[in-house]
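Residues per chain, in single letters:
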Amino acid sequence: EPAGAVAVVTTNGTAGRFGQTVTALMSVSADPPTLAIGLFRGVPVADAVRTNRCFAVNVLSVEDRSVAQAFAGQGAVSTRYTFDDAWTSLRTGSPVRTSASATFDCHAEQFLVAGSHLLILGRVVEAASAAVDGLTYADRSYGHHVPLPQ
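Computed from a prediction, not measured in an experiment: that's the story for all the values here.

Caption draft 1: Representation of the overall build of the protein chain. The helix and strand tally for the protein chain stands at 2 helices and 12 strands. Relative to the 2.2 N^0.38 estimate, which gives 15 Å for 150 residues, the radius of gyration of the protein chain is 15 Å and therefore close to what a compact globule would have. Within the protein chain, buried positions represent 41% of all 150 residues. Summarising the internal contacts of the protein chain: among those between residues at least 6 apart in sequence, 63% fall at separations of at least 24. Carbon and sulfur atoms make up 52% of the accessible area of the protein chain, which amounts to about 8,100 Å² in all. Distance between charge centroids for the protein chain: 8 Å, based on 10 positive and 12 negative side chains.

Set out below in structure tokens:
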């Protein structure tokens, strides 16, 4: 499988506060700024985003590997899907990771059921980035981008 950026999609609102590790995300448009995410319909975050009508995409840094694992349901039960002090929020109230390489706070605008997944288009209302190495996932392992020699 090709390497992909690792992100945690989060939401917060009347349906509750949830997060899920994903690699299914992409930029759709620069004007207006729009992202697409894909969530397995069987996870609570999918229904919550639909109800809350907002989400944040937290593109994780290399130092966030344990966060990726926790929000993928791996590791100790006590650390799964928990938001610690390294989370804050932007305009929509969806949790954003302070150590992320990039964060995109979005209003959910369109939903499409595609087989086992829910595809969601979100209008970016606020974004931030940091000069840190992003976390990637390929061949069932985490890593980071290594530039080729010139």
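Caption draft 2: Just the sheet that holds strand E5 (residues 33-40), in detail. As summarised here, the arrangement of the 7 strands in space is E3-E2-E6-E9-E10-E5-E4, forming an open sheet in which the pairing is antiparallel. Looking at which strands have only one partner, the edges of the open sheet turn out to be strand E3 (18-22) and strand E4 (25-30). Neighbour-to-neighbour, the strand axes of the sheet open up by a mean angle of 30°, direction not taken into account. For E4 and E5, the ladder comprises 5 bridges, and the chain directions are antiparallel. Paired with Leu25 across the strands is Ile37, a residue of E5.

Caption draft 3: Just the sheet that holds strand E12 (residues 141-144), in detail. With antiparallel pairing, 3 strands are arranged side by side in an open sheet as E1-E11-E12. Both outer strands of the open sheet, strand E1 (4-5) and E12, are each paired with one neighbouring strand and no more. Bridge count between E1 and strand E11 (residues 135-138): 2 bridges; the pairing is antiparallel. What sits directly across from Ala5, in E11, is Thr136.

Caption draft 4: Local environment of the environment of Glu126. By the secondary structure assignment, Glu126 is in strand E10 (residues 117-129). On the basis of relative accessible area, Glu126 is assigned to the partly exposed category, the value being 29%. Placed 19 residues apart in sequence, Glu126 and His107 show a C-alpha to C-alpha distance of 9.9 Å. If we ignore the near neighbours within four places in the chain, the residues touching Glu126 are Leu90, Arg91, Thr103, Phe104 and Asp105.

Caption draft 5: Inspection of the layout of surface pockets at higher detail. Size it by volume and the largest pocket reaches roughly 210 Å³. In terms of lining residues, the largest pocket is bounded by 10 residues, among which Thr21, Thr23, Ala72, Tyr137 and Tyr142 are the most central. Tallied by class, the residues present in the lining of the largest pocket amount to 5 nonpolar, 3 polar and 2 charged. As a volume, the second largest pocket reaches approximately 170 Å³. Taken together, Gln20, Thr21, Val22, Thr23, Ala24, Gly38, Leu39, Phe40, Val43, Ala72, Tyr81 and His117 make up the lining of the second largest pocket. The set of elements that each furnish at least two residues to the lining of the second largest pocket consists of E3 and E5.

Rules behind the numbers
- The residue numbers shown here count from 1 along each chain, following its written sequence.
- With the structure being a predicted model, the display of local features is reserved for residues of pLDDT at least 70 and the display and counting of side-chain atom pairs for 80 or more, all residues being used for whole-chain, interface and lining totals.
- In computing side-chain properties, one takes all heavy atoms of the structure into account and sets aside hydrogens as well as water.
- Counting from the N terminus, the helices are the DSSP runs of H or I reaching at least four residues and the strands are the DSSP runs of E reaching at least two.
- Note that the radius of gyration is over C-alpha atoms, with the globule rule given as 2.2 Å times the number of residues to the power 0.38.
- Each residue is placed in one exposure class: buried if its accessible area under a 1.4 Å probe, protein chains only, is under 20% of its type's maximum, exposed if it is over 50%, and partly exposed if it falls in between.
- Here, residues are in contact when the closest pair of their heavy atoms is within 4.5 Å.
- Areas reported here follow the Shrake-Rupley algorithm with a probe of radius 1.4 Å; residue values treat only the protein chains shown as occluding.
- Think of it this way: Lys and Arg go in the positive column, Asp and Glu in the negative one, and His and the chain ends go nowhere.
- A charge is said to be at NZ when it belongs to Lys, at CZ for Arg, at CG for Asp and at CD for Glu.
- Being paired, for any two strands, means DSSP has found at least two bridges between them.
- Inter-axis angles, ranging from 0 to 180 degrees, are taken between N-to-C directions of lines fitted to C-alpha atoms, where helices are fitted over the stretch in contact.
- The distinction between a cavity and a pocket rests on a 1 Å grid over the protein atoms alone: a 1.4 Å probe fits inside a cavity but cannot get out, while a pocket stays open yet meets protein on both sides within 12 Å along at least five of seven lines, and a residue with an atom within 4 Å of a point counts as lining.
- Grid points are joined across faces, edges and corners, and a volume is the space filled by probe spheres set on the points.
- Under the grouping applied here, Gly and all other residues not named as nonpolar or charged are polar, the nonpolar ones being Ala, Val, Leu, Ile, Met, Phe, Trp, Tyr, Cys and Pro and the charged ones Asp, Glu, Lys and Arg.

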